[in-house]
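Given next are the chains, with one letter for each unit.
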Amino acid sequence: MYDKWFPPKKIVLSDGKVVLQKRSRAPLILAALAVCTVVSSEFTGFSFHVLVTRIHEFFTIIRAMIPPDWDSLSGIWQPLLDTIKMSLLGSIVGAWLALPIAVAASSNVMQSKLLVAVSKTALSLLRTLPTLVTALIATFVFGLGPMAGTVAIMLFTIAYVGKLLYEQIENVDMGAFEAMESIGMTRLQAFRFAIVPQVLPGYISTSLYCFEGNVRYAAILGFVGAGGIGLLINEGLGWRDYPAVGMIVLVLIVTVYLIERVSEHFRRKLI
């Protein structure tokens, strides 16, 4: 049926031979995506009509935030610093802890298949938990405040950096590693001098990129009581104080932009 509706294109060469061009699967893929979209909207109760007719309400809230409440600026700095400290500490500790876990999950370095399987399973389980859920669990363990947010960010960083790092380790050139082992070096020494230089720039770049994202994630952890500027956003939305929320969003945008520019500068130095 597909061949009948979308027959292959015939191309005549200069010598008179006729060849058939490979048929494009794009129409079939687009049709499958359209069917999946319709079925998904039916299962989830998603309505395109409601989306089109109610999207203007989003801009109504945005207009209510303008102009922002400049008088509330003085009360934003401390929660903003808490958010940055949560992100920075959680990212640093998480990136450090991700290093040994990623090494243990690298099948080309570790000889124990059980250790590799356990490490990869642990990283997969950590990636499965959303950051908000992790923060909610942390609030029950450590109480309300930045401590819970820092732990949640740390666990996310371990899962994110660890996953990318062990994939980088498994894709390195093992020639230098094997040569160093053959001349009498231990596996640890060979790993340090042969593999670390290959993955170190990517590891640092990934950690910096993760820190950028963690600043944004930390901003919403206040919704579950994990401290930071998200708590002010939650309170402002609850009291319908949109100008104050607009001021918080403006400060957060500027902060994230500056952090991204600095992080991008250092990541370019590593390339």
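Check the entry above for the structure.
For the structure given in this document, a descriptive report is provided here.

Reading guide: rules and limits
- Residues numbered from 1 in each chain as written.
- Predicted model: local features only at pLDDT ≥ 70, side-chain atom pairs only at ≥ 80, totals over all residues.
- Heavy atoms only, no water.
- Helix = DSSP H or I, 4+ residues; strand = E, 2+ residues; numbered from the N terminus.
- Rg over C-alpha atoms; globule rule 2.2 N^0.38 Å.
- Expected span 1.5 Å × (residues − 1).
- Buried < 20%, exposed > 50% of the residue type's maximum accessible area, 1.4 Å probe, protein only.
- Arc of directions from axis to C-beta.
- Contact = heavy atoms within 4.5 Å.
- Core = buried A, V, L, I, M, F, W, Y, C linked by side-chain atoms within 4.5 Å.
- Phe/Tyr/Trp six-rings, centres within 6.5 Å; stacked < 30°, edge-to-face > 60°.

**Remarks on the overall build of the chain**
Next, step 1: Within the chain, the secondary structure is distributed over twelve helices and two strands.
Next, step 2: Helices and strands appear in the chain in the N-to-C order α-β-β-α-α-α-α-α-α-α-α-α-α-α.
Next, step 3: For 271 residues, the compact-globule estimate of 2.2 N^0.38 gives 18 Å, and the chain exceeds it by more than 25% at 26 Å.
Next, step 4: Oriented by its inertia axes, the alpha-carbon framework of the chain measures out at about 80 × 65 × 35 Å.

**As for helix α6 (residues 113-128)**
Next, step 1: An ideal rise of 1.5 Å per residue puts 22 Å on 16 residues; α6 measures up with 22 Å between its terminal C-alpha atoms.
Next, step 2: For α6, the set of buried residues is Val 116, Ser 119 and Leu 123. Around the axis of α6, the buried residues are gathered within 70° of arc, so they sit on the same side. Structural note: α6 exposes Lys 113, Leu 114, Leu 125 and Thr 128 on the side pointing more than 90 degrees away from its buried face.
Next, step 3: In this structure, the buried residues of α6 make contact with α5 (77-104) and α8 (146-170).

**Section: the nonpolar core**
Next, step 1: In this structure, Ile 169, Phe 177, Phe 191 and Ile 195 are the most contacted members of the largest nonpolar core, which totals 33 residues.
Next, step 2: Sorting the residues of this core by element identifies α5, α7 (131-142), α8 and α10 (187-218) as the ones contributing at least two each.
Next, step 3: Ignoring any residue separated from it by four or fewer positions in sequence, one finds Ile 169 in contact with Ala 102, Val 103, Ser 106, Asn 108, Val 109, Phe 191, Ile 195 and Val 199.

**Concerning the packing of aromatic side chains**
The relation between two aromatic rings is expressed through the spacing of the ring centres and the mutual angle of the planes.
Next, step 1: For the structure on display, the rule yields two aromatic pairs.
Next, step 2: When the centroid spacing of 4.9 Å and the interplanar angle of 90° are considered together, the rings of Phe 46 and Phe 48 count as edge-to-face.
Next, step 3: Under the relative-accessibility criterion, Phe 46 is labelled partly exposed at 41%.
Next, step 4: Residue Phe 48 is classed as partly exposed on the basis of its relative accessible area of 49%.

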